[in-house]
Amino acid sequence: MSKRGRVEKLREKQWKSGKELLREVFAKYQYPVIVSAFSGGRDSLCSTLLTLDTLIEMNKPAKVFIAFVNTTNEMPETLKYARFMINKWFPENYKVDFIDLQCVELKPEVTFAQIMDKMFEKALEMVRRGKWEKGKMPCCGILKHKPVKKFVNDVKANVEVVGTRGEESQWRFHNIWHYGPVVRGHRSRSVKVMPLWDWSTQDVVNFLNKHPKNPPINPLYKTMSSTGCILCPIPFIFYPEQFAVEAPPHIFKAGLRAYLKAIKQTQLNFNNKEIDSPIIKLMRFLEKPRTRKEIEEAGFQFETVLYLVERQIIKSRFDWGVMDFVYYA
């Protein structure tokens, strides 16, 4: 089902969304204690603004925690932007007497670097079995959901607001379709609310563009469609060529090392074209220094090699043994 199809199908449910949904949920609590998840992306910015705006329109006393989880796998631009928003923009733009607003940065107990190899193994194993499920990747639970769950319990929150949208994936679509936009939260008797459950990407963009406070947007959206993790097995495995173009060179190399290590451990079937992409084949071929002639005889485009050299993903040097330049990963 296409993204547009998912949105149209969900709207058949005719559930409330946006401010209407939040107003209905907040009204059930005399003094709601709310945790609004803010990742630095457009969706979480939109859901956080909706939370604050709705409370103000209701004149509803509440305690609101805007929680940014530093997963230790963040884009540098996202980290800088998110810290600016929670330390300066939100506190300065939402000073309201009846709202106790607190902004926090949460961190997981382990870093992404410590679990990266295992995450690539897990991702490749799911691909090998033909049962790929984005929602089953444990890194998100370890690095993001676990710190939030602990924080929600620590502050005794009764409402969690997240920017989840059904359009984003088939997995999220099915979850919303079966369970609705208000589900059980991390804490007993708390609820998790998804006010953007039936919003399209354009709906989010339009809301932010028209917002009276003119909130700043993560600058990464000028060149990228997503501001997620800097190194994720998902795009690396399925879109390595695009990843090599967009990611910083040292990040691509780190992903490549984890990928090659996982391949040896999971003994994948290299006939799977989803896994064995041209750029991965090239990088594996260049584990040993090769001349231009060897590269072209193996069927690779030398222009690609030069581009990767320019990006410092591939290295080159003059080899006096063969009296020619060699290229290696």
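Just above sits the structure.
Computed from a prediction, not measured in an experiment: that's the story for all the values here. (Residues numbered from 1 in each chain as written. Predicted model: local features only at pLDDT ≥ 70, side-chain atom pairs only at ≥ 80, totals over all residues. Heavy atoms only, no water.)

### Focus on helix 7 (residues 170–179)
Point 1. Measuring from the backbone nitrogen of R172 back to the side-chain oxygen at the start of helix 7 gives 3.1 Å, which picks out S169 as the cap.
Point 2. Positive backbone phi, approximately 85°, marks G180, located one or two places after helix 7. (Polar contact = N/O pair within 3.5 Å; in protein donor to acceptor, adjacent residues only side chain to side chain. Helix = DSSP H or I, 4+ residues; strand = E, 2+ residues; numbered from the N terminus.)

### Thoughts on the sheet that holds strand 2 (residues 62–69)
Point 1. Read from one edge of the open sheet, six strands run 3-2-1-4-6-5, paired in mixed fashion. Sheet topology places strand 3 (99–106) and strand 5 (182–184) at the edges, where each strand pairs with a single neighbour. Taking each pair of neighbouring strands and ignoring which way they run, the sheet shows an average axis angle of 25°.
Point 2. Pairing of strand 5 with strand 6 (residues 191–193), which is carried by three bridges, proceeds in the antiparallel orientation. (Pairing = 2+ DSSP bridges. Axes fitted to C-alpha atoms, helices over the stretch in contact; angles between N-to-C directions.)

### Brief notes about the packing of helix 3 (residues 42–58) against helix 8 (residues 201–210)
Point 1. For the pair helix 3 and helix 8, the least separation of the axes is 10 Å and the interaxial angle reads 55°. The angle between helix 3 and helix 8 falls in the class oblique. Read as a crossing pair, helix 3 and helix 8 show a hand that is left-handed. Where helix 3 approaches helix 8, its residues R42, D43, L45, C46, L49, L50 and D53 are matched on the opposing element by T201, V204, V205, F207 and L208.
Point 2. Here the contact of helix 3 with helix 8 is composed, by residue class, of eight nonpolar, one polar and three charged. (Parallel < 35°, antiparallel > 145°, perpendicular 65-115°, else oblique. Left-handed = near helix turned anticlockwise from the far one by under 90°. Contact = heavy atoms within 4.5 Å. Nonpolar A, V, L, I, M, F, W, Y, C, P; charged D, E, K, R; others polar.)

### A few points about unusual backbone geometry
Point 1. With a phi close to 70°, T72 is a non-glycine residue in the positive phi region.
Point 2. Here T72 is to be found in the loop between strand 2 and helix 4 (76–93).
Point 3. Even without being a glycine, N214 presents a positive backbone phi close to 45°.
Point 4. Using a relative accessible area of 59% as the deciding quantity, one classes N214 as exposed. (Buried < 20%, exposed > 50% of the residue type's maximum accessible area, 1.4 Å probe, protein only.)

### Some remarks on the pairing of strand 1 (residues 33–37)
Point 1. In terms of burial, strand 1 is largely enclosed, as four of its five residues are buried.
Point 2. Between the parallel pair strand 1 and strand 2, the chain is carried across by helix 3, and the sense of this crossover is right-handed. (Right-handed = clockwise from strand over helix to strand, strands pointing away.)

### A closer look at the pattern of salt bridges
Point 1. Evaluation of the coordinates by the stated rule reveals 18 salt bridges.
Point 2. A salt bridge links R172 to E168, with the nearest nitrogen and oxygen atoms 2.3 Å apart.
Point 3. Judged by its relative accessible area of 31%, E168 is partly exposed. (Salt bridge = Lys/Arg side-chain N within 4 Å of Asp/Glu carboxyl O.)

### Comments concerning the nonpolar core
Nonpolar side chains tend toward joint burial in soluble globular proteins.
Point 1. F120, L231, F236, F252, Y259, M283 and I295 are the most contacted members of the largest nonpolar core, which has 45 residues in total.
Point 2. Among the elements of the structure, helix 5 (112–129), helix 6 (138–155), helix 9 (233–238), helix 10 (240–246), helix 11 (249–266), helix 12 (278–285) and helix 14 (302–310) are those that each provide at least two residues to this core.
Point 3. Each residue touching F252, except ones within four places of it in the same chain, is listed here: F236, P240, F243, A244, I279, M283 and I313. (Core = buried A, V, L, I, M, F, W, Y, C linked by side-chain atoms within 4.5 Å.)

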